[in-house]
Amino acid sequence: MMTTTHSTSRRSDSGTKHLQGGDHMPRIRKTTRQFEKDKATFFSQCKTQHAVCWLCGMPIDYEATKNTTDDSFNLDHLYPVSKHPELQFDPAGFKPSHTSCNRLRSNQDPPTPIGTLSRQWITTA
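No experiment lies behind these values; they were computed from the predicted model shown.

(A) Inspection of the pattern of salt bridges at higher detail. In this structure the tally under the stated criterion is five salt bridges. Residue Arg105 pairs with Asp76 through a salt bridge whose shortest N-O separation is 3.0 Å. Highlighted residues: Arg105 in helix 2 (residues 99-105) and Asp76 in strand 4 (residues 73-77), separated in sequence by 29 residues. Each member of the pair, Arg105 as well as Asp76, is classed as buried.

(B) Seen up close, the environment of Ser97. Looking at the secondary structure, you find Ser97 in strand 5 (residues 94-98). Setting aside residues up to four positions removed in sequence, Ser97 forms contacts with Cys53, Trp54, Leu55, Ile60, Ser72, Phe73, Asn74, Asp76 and Asn102.

(C) Spatial organisation of the pairing of strand 5. The buried fraction of strand 5 amounts to four of the five residues, a majority that puts the element mostly inside the structure. Note that strand 4 and strand 5 share five bridges and pair antiparallel. Directly across from Asp76, in strand 5, lies its bridge partner Lys95.

(D) Broad picture of the nonpolar core. Grouped together as the largest cluster of nonpolar side chains are 12 residues: Phe35, Phe42, Phe43, Cys46, Ala51, Cys53, Ile60, Tyr62, Phe73, Leu75, Phe94 and Cys101. Counting only elements with at least two residues in this core, the list comes to helix 1 (33-49) and strand 4. At four residues, helix 1 tops the list of elements feeding residues into this core. When sequence neighbours within four positions are dropped, the list of residues in contact with Leu75 reads Phe35, Lys39, Phe42, Phe94, Lys95 and Asn102.

(E) Broad picture of unusual backbone geometry. For Asn67, which is not glycine, the phi dihedral falls at a positive 60°. Mapped onto the elements of the fold, Asn67 is located in the loop between helix 1 and strand 4. You can call Asn67 partly exposed: its relative accessible area is 45%. Here the phi dihedral of Ser106 falls at roughly 60°; this positive angle occurs in a residue that is not glycine. Within the secondary structure, Ser106 sits in the segment after helix 2. Overall, Ser106 belongs to the partly exposed group, its relative accessible area being 47%.

(F) Region of the structure containing the confidence of the model for the protein. Of all residues in the protein, 70% have pLDDT values of 70 or greater, and the mean over the chain is 80. Counting interchain partners and residues more than four positions distant, the pLDDT-below-50 stretch residues 4-19 has 23 contacts.

About the thresholds
Residues numbered from 1 in each chain as written. Predicted model: local features only at pLDDT ≥ 70, side-chain atom pairs only at ≥ 80, totals over all residues. Heavy atoms only, no water. Salt bridge = Lys/Arg side-chain N within 4 Å of Asp/Glu carboxyl O. Helix = DSSP H or I, 4+ residues; strand = E, 2+ residues; numbered from the N terminus. Buried < 20%, exposed > 50% of the residue type's maximum accessible area, 1.4 Å probe, protein only. Contact = heavy atoms within 4.5 Å. Pairing = 2+ DSSP bridges. Core = buried A, V, L, I, M, F, W, Y, C linked by side-chain atoms within 4.5 Å. pLDDT = per-residue confidence, 0-100.

Structure representation (C-alpha cells):
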C-alpha cells in the first residue's frame, strides 16, 4: 500500500511563505514602484531619442503598444534577469529592443560586439 503525503504552505501578512515544519521562504518581489517609474522614464527617453533596438540596430515602433507586435518596444536587460536577478531593478542595464528580438535572445548573455563599423549602414530619424 502506497501512502502519499502533501506539504502545505501559507503566506503571512509579512509576505513570508511558511512551510510545514516552521521553515520560512522569503517571497521574491517581481516589481517595485521605483522600478515602474524607472521603466516609464527609460521608455520616454528612448521614444524621444528614437533609440534603435540594441540587438539588431533597426528602428523600434514606439507608436505601437508595448510588447504587442514584433517591432514594438520591449525593455530588455543587458544581463538576463533569470541569471542575474540582483540587476533587475538597475536602470544602467536597461536596453531598448524589439519584442521579437528580446524573445529570440531569451536568457542568453549579451552579444559580443563585432567592433567598429566602417560606415553607417542605416539612418535613424
